[in-house]
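Residue strings, one per chain:
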Amino acid sequence: MTARQQSAPPRTAILGTSARRLDFDDDEFARRRSGRAELPDPEPLLRNLTHCVIEVLAGARDLEQLARWVTDDVYRNLGKRVVLAARARRVKGVVAQRPAFTVGRIVMGEPADGIVEAVVMVHQRARSRAVAIRLEGLDERWRASVISVL
């Protein structure tokens with residue numbers, strides 16, 4: 001035996017409840033896909049989400065209010081657009097205000113069970129826009145995985 005091995009402190013095992021290693025599968029905490037039968041009607045969410053997204057981009061609503069309805073990627077992408085829209089307003093000297101618009105026709109399609117892809121028309125005084133939204137059923141509720149304002 002070498003001197004290094006002799007001087008090493010002895011290892012002791014810690015016993016008790018605080019020392020137990022907890023082995024959890026990542027699957028237990030992952031989001032679970034939900035089928036269409038487990039989910040509510042998507043149309044009210046599409047209307048409300050579209051309304052909120054337009055107000056967020058106009059600076060009249062906080063982005064944080066959408067966090068529960070969107071995935072992390074959508075939240076980050078909207079965050080970038082909010083910053084760009086705020087810069088554009090600041091450069092033009094325009095104050096953020098609640099936009100006047102109506103949510104129009106909704107065209108929905110279901111490419112797979114628990115997934116809805118929709119286009120929602122938004123009509124403003126000067127122009128009309130389309131908002132494309134993909135909803136996925138996760139944990140028995142809808143979450144937007146893609147939002148594009150055209």
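Notes on the structure follow. Per chain, residue numbering runs from 1 following the sequence as it is written. The predicted nature of this model means local features are confined to residues of pLDDT at least 70 and side-chain atom pairs, given and counted, to a pLDDT of 80 or more, with totals for whole chains, interfaces and linings taken over all residues. Excluded from the side-chain calculations are hydrogens and water; all other atoms, namely the structure's heavy atoms, are used.

Turning next to unusual backbone geometry. Positive phi, close to 55 degrees, is recorded for Asp139, a residue that is not glycine. Classification of Asp139 as partly exposed rests on a relative accessible area of 37%. Even without being a glycine, Glu140 presents a positive backbone phi close to 65 degrees. Along the chain, the position of Glu140 falls in the loop between β3 (128-138) and β4 (141-149). Only protein chains enter the accessibility calculation, which uses a 1.4 Å probe; a residue is then buried when its area is under 20% of its type maximum, exposed when over 50%, and partly exposed in between. For the purposes of this entry, the term helix denotes a DSSP run of H or I that reaches at least four residues, the term strand denotes a run of E that reaches at least two, and both are numbered from the N terminus.

One number sums up the size of the largest pocket: a volume of about 470 Å³. Method remark: on a 1 Å grid restricted to protein atoms, a set of points is classed as a cavity if a 1.4 Å probe fits but cannot get out and as a pocket if it is open with protein on both sides within 12 Å along at least five of seven lines; lining residues have an atom within 4 Å of a point. In terms of lining, the largest pocket is formed by 18 residues, of which the most central are Ala58, Pro99, Gln124, Arg127 and Arg129. Classification convention: Asp, Glu, Lys, Arg as charged; Ala, Val, Leu, Ile, Met, Phe, Trp, Tyr, Cys, Pro as nonpolar; all other residues, Gly among them, as polar. When its residues are assigned to classes, the lining of the largest pocket shows 10 nonpolar, 2 polar and 6 charged. Grid points are joined across faces, edges and corners, and a volume is the space filled by probe spheres set on the points.

A word on the nonpolar core. Put simply, a nonpolar core is a bunch of buried Ala, Val, Leu, Ile, Met, Phe, Trp, Tyr and Cys residues held in one set by side-chain atoms that sit within 4.5 Å of each other. In this structure, Leu49, Leu66, Ile133, Leu135 and Ile147 are the most contacted members of the largest nonpolar core, which totals 27 residues. Elements with a minimum of two residues in this core: α3 (43-58), α4 (72-92), β1 (101-112), β2 (115-124), β3 and β4. No other element matches the 8 residues that α3 contributes to this core.

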